[in-house]
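Residue-level structural notes
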Amino acid sequence: MGYELEQFEGLRELLKDVSKKTREELEKKILEFACITQAARDINSTLKLEECLKILADRIADLLSVERVSLMLLDPKTRELVIKMAKGLDDSIAKQTKIKLGEGVAGWIAEEGKPLLITDIDKDPRFTKKDGGYSTNSLLSVPLKVKDKVIGVINVNNKITKDVFKEDDLGVLMAISELAAIAIENARLHEELKTLDNMKSNFIANVSHELRSPLASIKESVSLLLDEVSGALNSEQRRFLEIARKNIDRLSRLIDDLLDLAKIESGRTEMKRLFINIIMLVEDVINSFKVLAESKNIILGIKAASPVIKIWADPDKLTQAISNLLDNAIKYSPNGSSVTVEISDKGSIVEISVIDNGIGISKENIERLFDKFSRLEDAIQDRVKGTGLGLVITKELVQMHGGEIFVDSKPGEGSRFYFTLPKDLRKRE
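Note that residues are indexed from 1 along each chain, following the sequence as it is written. With the structure being a predicted model, the display of local features is reserved for residues of pLDDT at least 70 and the display and counting of side-chain atom pairs for 80 or more, all residues being used for whole-chain, interface and lining totals. Hydrogens and water molecules were not included; the side-chain quantities draw on all heavy atoms of the structure.

Some details on a nonpolar patch on the surface
Applied cut-off: Without a salt bridge and with relative accessible area above 30%, a residue can belong to a patch; like charges are then joined within 9 Å and nonpolar side chains (Val, Leu, Ile, Met, Phe, Trp, Tyr) within 5 Å. Only the protein chains shown count as cover for residues, and all accessible areas are computed by the Shrake-Rupley method using a 1.4 Å probe. Here, a salt bridge means any side-chain nitrogen of Lys or Arg that lies within 4 Å of a carboxyl oxygen of Asp or Glu. Helix and strand labels come from DSSP, where a helix needs a run of H or I of at least four residues and a strand needs a run of E of at least two; each type is numbered from the N terminus.
Together, Leu193, Leu196 and Met199 line one region of the surface with nonpolar side chains, adding up to about 340 Å² of accessible area. Here leucine 193 lies in helix α6 (residues 167-226).

Topic: the pattern of salt bridges
When the charged atoms of two side chains with opposite charge come close together, those side chains can pair. Threshold: Using a 1.4 Å probe on the protein chains alone, a residue whose accessible area is under 20% of its type maximum counts as buried, one over 50% counts as exposed, and one in between counts as partly exposed.
In the structure shown here, the tally under the stated rule is 14 salt bridges. Among the salt bridges present, the one from lysine 54 reaches aspartate 58, with a minimum N-O distance of 3.0 Å. Placement of the pair is lysine 54 and aspartate 58 together in helix α3 (residues 49-64), with a separation of 4 residues, close to one helical turn. In this structure lysine 54 comes out as partly exposed when scored by relative accessible area, which is 45%. Its relative accessible area of 18% is what places aspartate 58 among the buried residues. A salt bridge links glutamate 228 to arginine 238; the shortest N-O distance between them is 3.1 Å. Taken together, the positions of glutamate 228 in the loop between α6 and α7 (235-265) and arginine 238 in helix α7 put the pair 10 residues apart, joining distant regions of the chain. Looking at arginine 238, the relative accessible area reads 29%, which means it is partly exposed. A single salt-bridge network, built from bridges that share partners, covers Lys54, Asp58 and Lys87.

Considerations on the pairing of strand β11 (residues 349-356)
Let me state the cut-off plainly: Strands were regarded as paired on the criterion that DSSP finds at least two bridges between them.
For β11, the tally of buried residues reaches 6 of 8 residues, placing the bulk of the element in the interior. Inspection of the sheet shows strand β10 (residues 338-346) paired to β11 by 8 bridges, in the antiparallel sense. Its bridge partner being in β11, serine 344 is matched across the sheet by glutamate 351. Between β10 and β11, which pair antiparallel and follow one another directly, the connecting turn spans 2 residues, one of which, glycine 347, has a positive phi of 80°. Two strands pair when backbone bridges link them, and β11 and strand β13 (residues 415-422) are joined in this way by 7 bridges, in the antiparallel orientation. Across the sheet, the residue bridging to glutamate 351 is threonine 420, located in β13.

Points about the nonpolar core
For soluble globular proteins, nonpolar side chains are generally found buried alongside one another. For clarity, the threshold we go by: Nonpolar cores were defined as sets of buried Ala, Val, Leu, Ile, Met, Phe, Trp, Tyr and Cys residues, with membership established by side-chain atoms within 4.5 Å.
In terms of nonpolar packing, the biggest core is built from 37 residues, with Ile60, Ile154 and Val156 touching the most fellow members. Listed by contribution, the elements that provide at least two residues to this core are α2 (23-43), α3, β1 (66-75), β5 (139-146), β6 (149-159) and α6. Here this core takes 12 residues from α6, the largest share from any one element. Ranked by size, the runner-up nonpolar core spans 36 residues in total, among them Leu325, Val341, Leu369 and Phe417.

Structural notes on the packing of α3 against α6
Using the following cut-off: A fitted line through C-alpha atoms represents every axis, and for helices the fit uses only the stretch in contact; the resulting angles, taken between N-to-C directions, go from 0 to 180 degrees. Angles below 35 degrees are treated as roughly parallel, those above 145 as roughly antiparallel, those between 65 and 115 as roughly perpendicular, and all remaining angles as oblique. Here, two residues are considered to be in contact whenever any of their heavy atoms come within 4.5 Å of each other.
Closest axis-to-axis distance for the α3/α6 pair is 9 Å, and the angle between their directions is 170°. The angle between the axes of α3 and α6 places the two elements in the roughly antiparallel class. Along the contact surface, α3 presents Leu49, Glu50, Cys52, Leu53, Leu56, Arg59, Ile60, Leu63 and Leu64, while α6 presents Asp169, Val172, Leu173, Ile176, Ala180, Ala183, Ile184, Ala187, Arg188 and Glu191.

Things to note about the sheet that holds β5
Spatially, the 6 strands line up as an open sheet ordered β3-β2-β1-β6-β5-β4, and their pairing is antiparallel. The outermost strands of the open sheet, each flanked by one partner alone, are β3 (98-100) and β4 (116-118). Put simply, the sheet's adjacent strands are angled 25° from each other on average, direction ignored. Sheet strands in contact with α3 are β1, β2 (80-87), β5 and β6, and its direction is about 145° off that of β1.

What about a negative patch on the surface?
Rules: Only four residue types enter the charge count: Lys and Arg as positive, Asp and Glu as negative, with His and the chain ends excluded. To locate a charge, take atom NZ for lysine, CZ for arginine, CG for aspartate or CD for glutamate.
Taken together, the side chains of Glu50, Glu51, Glu191 and Glu192 make up a negatively charged region of the molecular surface. Elements supplying a minimum of two residues to the negative patch: α3 and α6. Mapping glutamate 191 onto the fold places it in helix α6.

Structural notes on the environment of histidine 190
Along the chain, histidine 190 turns up in helix α6. Under the relative-accessibility criterion, histidine 190 is labelled partly exposed at 36%.

Quick look at the pairing of β5
Look at any regular strand and the pattern is simple: side chains alternate between the two faces of the sheet. Of all 8 residues that make up β5, 6 are buried, and the element is covered over most of its length. Bridge analysis of β4 against β5 gives 3 bridges, and the strand direction is antiparallel. Of the residues in β5, the one forming a bridge with leucine 117 is leucine 140. Direction of pairing for β5 relative to β6: antiparallel, over a ladder of 8 bridges. Within β6, the position partnered with proline 143 by the bridge is valine 153. In this antiparallel pair of consecutive strands, β5 and β6, the connection spans 2 residues, and lysine 147 shows a positive phi of 50°.

Focus on α7
We count it as follows: A helix is expected to reach a length of 1.5 Å times the quantity of its residues less one. We call two N or O atoms a polar contact when they sit within 3.5 Å, provided that within protein one can donate a hydrogen and the other can accept it, with sequence-adjacent residues counted only if both atoms are side-chain atoms.
Look at α7: 45 Å from first C-alpha to last across 31 residues, which is about the 45 Å you get at 1.5 Å a residue. By the burial criterion, the buried members of α7 are Leu241, Ile248, Ser252, Ile255, Asp257, Leu258, Leu259, Leu261, Ala262 and Ile264. Where α7 is buried, its residues meet α6 and α13 (390-400). Structurally, the start of α7 carries an N-cap: the backbone nitrogen of glutamate 236 is 3.1 Å from a side-chain oxygen of asparagine 234.

Some remarks on the sheet that holds β11
Taken in spatial order, the 5 strands line up as β8-β10-β11-β13-β12 in an open sheet, and their pairing is mixed. Edge positions in the sheet fall to β8 (299-304) and β12 (404-409), since each of these pairs with one other strand and no more. Neighbour to neighbour, the strand axes of the sheet diverge by 15° on average, direction disregarded. Contacting β8, β10 and β11, helix α8 (residues 278-288) runs over the sheet at an angle of about 180° to β8.

A look at unusual backbone geometry
Trans peptide bonds make up the majority, and among non-glycine residues the majority have a negative phi. One non-glycine residue, serine 65, lies in the positive phi region at around 55°. One can find serine 65 in the loop between α3 and β1. The backbone phi angle of asparagine 158 is positive, close to 60°, even though this residue is not glycine. Examined against the element boundaries, asparagine 158 turns out to sit in strand β6.

Rendered as structure tokens:
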């Protein structure tokens with residue numbers, strides 16, 4: 001797991017004076033250490049906070065043979081401890097409980113950053129019984145700490161055997177809390193970033209929707225002027241309006257790309273599973289690009305070992321992915337060159353390649369290809385228009401199909417963008 005023992009007081013406490021232990025005691029320590037290590041692996045296996053906390057509560061209950069476990073996290077804004085997961089505690093109590101720093105046992109633990117073993121809670125002035133659900137008077141409470149920063153508190157009581165907690169029990173709880181704290185903090189940060197990312201995607205989607213209507217009106221007005229509905233145009237007026245229309249089209253493509261990406265990232269895009277002939281789909285895509293290719297005297301071709309290769313896929317999303325790659329290939333290829341789409345049947349998967357003789361891409365730039373709004377220097381120098389989102393969207397669409405996308409390219413020698421897809425999309429659920 002990459003943990004250094006020196007970093008963890010709980011583990012040191014658990015393993016101290018090993019040489020003085022009897023064989024039976026040593027075997028118990030080894031078993032405890034193995035269980036703690038396995039618990040740490042389980043807790044670190046997920047980035048979902050609720051799942052992480054549930055695993056932790058379950059493992060603590062098993063390791064210490066207790067009926068009640070409560071996991072409290074410190075709210076950085078209110079500076080209050082809130083129960084995020086509990087076993088053996090009434091839900092209504094868990095939801096209502098909020099403890100300020102310094103208040104009660106948990107508040108003391110969070111403020112001092114020290115563990116606590118209480119043999120009799122009736123004799124501890126820091127503790128107040130609230131619900132009468134305590135079958136024993138012994139309590140363990142330890143901090144969840146990341147780099148000396150307290151992020152929460154673990155409370156444990158009601159030992160199934162009705163025994164009083166001992167120092168060995170405290171050592172076990174300290175050890176598991178130290179290993180779990182990092183996993184909890186990572187999961188919490190991951191969920192915060194995910195929330196922010198969703199907010200960003202929703203904002204982009206809303207703004208893009210708002211821009212669509214006025215942009216459509218502007219485009220229609222410019223088209224009416226170019227059609228001379230309101231009167232004849234001189235050459236200078238027509239030139240300016242043509243520039244306006246091209247930029248409106250470019251902005252429309254950007255808005256469409258932003259909406260597509262926002263839908264994909266927010267998980268609002270649904271897959272339509274249809275049994276299609278991928279060869280026919282590719283032929284249709286190629287036909288839709290013939291006019292653009294002819295404007296640059298580029299020859300479009302298709303290579304396939306068979307006229308029929310059937311796969312389960314979403315035809316619209318697959319069309320969009322191949323179109324994005326084909327559009328880029330034509331844009332970045334010189335006049336009079338060729339662009340070829342190859343389809344290979346590889347058993348349970350199919351491979352689709354788009355090959356061009358364009359400007360090529362350097363090794364360091366390949367790593368940036370699938371970054372949002374990434375515009376490579378060669379493309380900018382060649383004055384090729386684009387949003388920098390096409391490849392990002394293509395990668396997302398391919399991954400939605402359970403596939404992977406790759407790039408082979410060298411500057412001045414062209415590029416090969418290719419992706420693999422499972423033939424049976426239904427098995428990717």
